[in-house]
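A closer look at the structure
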Amino acid sequence: MMTIRDRRPDSVAHLALLTDRAPSNLTRTLDKLAAAGLVHFEIHGRQKAPRTIIGRVVIEIDPFSDIDSVRVVRGKQRKPLLEKPVKSKVRAGEQRSHASKSSPRRSAITKRGGMFAKG
């Protein structure tokens, strides 16, 4: 997205050259970003020029609440385009973990009460 913002490519093919990615893979990624509302396309004849829509995405996580929020801000505006509360899936009394499912060691550490807890 930084390349789109800074270099303003004339087309998806131009962006593919700038990022050294295959145009078909890049098109698929750009379509997903467009569906999420992060980019849009300016149509120039048969070419689609990708453009960023947002300036930043802010995710606020309150470790003491079961509701977090996501804000999407366009450009340098202060007012968010989208503000959506997100219900946390962590139940009261459970600990949030950043460990991946593929890391049983980290999961075990978290289940015992944290990294410095004695097992």
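Residues numbered from 1 in each chain as written. Predicted model: local features only at pLDDT ≥ 70, side-chain atom pairs only at ≥ 80, totals over all residues. Heavy atoms only, no water.

When its secondary structure is counted, the chain shows four helices and five strands. Along the chain direction, N to C, the helices and strands of the chain fall in the order α-α-α-β-β-β-β-β-α. Sorting the 119 residues of the chain into buried and exposed places 24% on the buried side. Within the chain, counting contacts between residues at least 6 apart in sequence, those at least 24 apart form 22% of the total. In the structure as shown, the chain presents an accessible area of about 9,400 Å², 53% of it carried by carbon and sulfur atoms. (Helix = DSSP H or I, 4+ residues; strand = E, 2+ residues; numbered from the N terminus. Buried < 20%, exposed > 50% of the residue type's maximum accessible area, 1.4 Å probe, protein only. Contact = heavy atoms within 4.5 Å. Areas by Shrake-Rupley, 256 points an atom, 1.4 Å probe, with all protein chains shown as cover.)

Once that is clear, we can look at the confidence of the model for the chain. In low-pLDDT regions, the fine details of the predicted coordinates are not to be read closely. Chain-level statistics for the chain give a pLDDT mean of 74 and a share of 61% at 70 or above. Between the elements of the chain, mean pLDDT differs from a low of 43, seen in helix α4 (residues 104–111), to a high of 97, seen in helix α2 (residues 12–19). (pLDDT = per-residue confidence, 0-100.)

With that settled, consider the pairing of strand β4 (residues 67–73). Most of β4 is tucked away, with five of its seven residues classed as buried. Note that strand β3 (residues 56–60) and β4 share five bridges and pair antiparallel. Bridged to I59 within β4 is V70. (Pairing = 2+ DSSP bridges.)

Time to look at α2. Those residues of α2 that fall on the buried side of the exposure criterion are V12, L15 and A16. Buried positions in α2, seen along its axis, are confined to an arc of 105° and lie on one side of it. For α2, the secondary structure elements touched by its buried residues are α1 (2–7), α3 (23–35), β1 (39–44) and β2 (47–52). Of the residues flanking the start of α2, the one acting as N-cap is S11, its side-chain oxygen 3.4 Å from the backbone nitrogen of A13. (Arc of directions from axis to C-beta. Polar contact = N/O pair within 3.5 Å; in protein donor to acceptor, adjacent residues only side chain to side chain.)

Right, let's talk about the packing of α2 against α3 for a bit. For the pair α2 and α3, the least separation of the axes is 9 Å and the interaxial angle reads 110°. One way to sum up the angle between α2 and α3 is to call them roughly perpendicular. Along its contact with α2, which presents V12, L15, A16 and T19, the element α3 presents P23, L26, T27 and L30. (Axes fitted to C-alpha atoms, helices over the stretch in contact; angles between N-to-C directions. Parallel < 35°, antiparallel > 145°, perpendicular 65-115°, else oblique.)

To continue, consider the nonpolar core. Counting 13 residues, the largest nonpolar core has I4, V12, L15, L26, L30, L33 and I54 as its most contacted members. Counting residues per element, the ones that place at least two in this core are α2, α3 and β1. Residues in contact with L30, not counting those within four places in the same chain, are I4, V12, L15, V39, F41 and P50. (Core = buried A, V, L, I, M, F, W, Y, C linked by side-chain atoms within 4.5 Å.)

Summed over all chains, the structure comprises zero aromatic pairs. Taking NZ or CZ as reference, K48 lies 4.3 Å from the ring centre of F41, over its face. (Phe/Tyr/Trp six-rings, centres within 6.5 Å; stacked < 30°, edge-to-face > 60°. Lys NZ or Arg CZ within 6 Å of the ring centre and 35° of its normal.)

Another aspect to go through is a nonpolar patch on the surface. Together, V57, I59 and I61 make up an exposed nonpolar region whose accessible area comes to about 290 Å². Given a relative accessible area of 43%, V57 falls into the partly exposed group. (Patch = residues over 30% accessible without salt bridge, like charges linked within 9 Å, V, L, I, M, F, W, Y side chains within 5 Å. Salt bridge = Lys/Arg side-chain N within 4 Å of Asp/Glu carboxyl O.)

This next bit is on α3. If you check α3, its first and last C-alpha atoms are 18 Å apart, about what 13 residues at 1.5 Å a residue would give, namely 18 Å. Along α3, the residues that are buried comprise L26, L30 and L33. End-on, the buried residues of α3 take up no more than an arc of 60°, which puts them together on one face. Exposed and oriented more than 90 degrees from the buried face of α3 are K32 and A35. (Expected span 1.5 Å × (residues − 1).)

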